[in-house]
Amino acid sequence: MKKTVPFVLSAFIAFAGIPLLAQAEESPVGLWKSIDDKSGKPKALIRITETAGELQGKIEKLFLEADAPEKNPKCDKCEGVNKDQPIVGMIILSGLKKEGDEYTGGKILDPGNGKLYSSKLSIIENNKKLNVRGYIGAPMFGRTQTWLREQ
């Protein structure tokens, strides 16, 4: 009986830690499909990576209409280094750092209008969806898109 107690206690401690491990593995790093919050249609695939504790996201693919004039349009409304650069391959998320359950302090570029917004991310639905919020000033002055995990 004495040998059973340490085994049961060890098993309990091991199984009790599983939910903590699952939470620790949640990360926005990976490939995400952005969904247009107005039309509900897929817009792009964005690869989020992490370097030195900061996230960045790069567009890997655009979902364009079949009759689109260009397969990789340029960001003609962007300013600075992104001006007239191809949208595929463009970094649109940068500077996000983990703060509690969210990633904050970053910027997001909307290639559709060329504007740069403050940004924050939060993982939802067991790491299957990502709420991406872009805003000016305070987070309440913005909009949120929900991206779907591709891998």
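Quick summary incoming for the structure in this document.

## Focus on the environment of T104
And then number 1: Here T104 is to be found in strand β5 (residues 102-110).
And then number 2: Here the alpha-carbon distance between T104 and E54, two residues 50 residues apart in the chain, equals 9.8 Å.
And then number 3: Beyond its immediate chain neighbours, meaning those up to four positions away, T104 contacts G95, L96, K97, E99, S119 and K120.
And then number 4: Within the structure, T104 has its side chain in polar contact with the side chain of E99 (distance 3.2 Å).

## A closer look at the pairing of strand β6 (residues 115-124)
And then number 1: Where β5 and β6 come together, seven bridges link them in antiparallel fashion. Looking at the pairing, K107 lines up with S118 of β6.
And then number 2: Pairing of β6 with strand β7 (residues 129-135) involves seven bridges; the strand directions are antiparallel. Considered in β7, the bridge of L121 is made with V132.
And then number 3: Taking the residues that link successive antiparallel strands as the turn, the β6-β7 hairpin has four residues, and the phi of E125 there is positive, at about 50 degrees.

Cut-offs applied
- Positions within a chain are numbered from 1, following the residues in the order the chain's sequence is written.
- Whole-chain, interface and lining totals are the exception, using all residues; otherwise, since this is a predicted model, local features are given only for residues with pLDDT of at least 70 and side-chain atom pairs are given and counted only at 80 or more.
- Water and hydrogen atoms play no part in the side-chain values, which are based on all heavy atoms of the structure.
- Note on conventions: DSSP H or I runs of at least 4 residues are helices, E runs of at least 2 residues are strands, and numbering of each starts at the N terminus.
- Residues are treated as being in contact if the distance between any of their heavy atoms lies within 4.5 Å.
- Think of a polar contact as two N or O atoms within 3.5 Å of one another; within protein, one of them needs to be a possible hydrogen donor and the other a possible acceptor, and neighboring residues in sequence only count if both atoms come from side chains.
- A pair of strands is considered paired only if DSSP assigns at least 2 bridges between the two.

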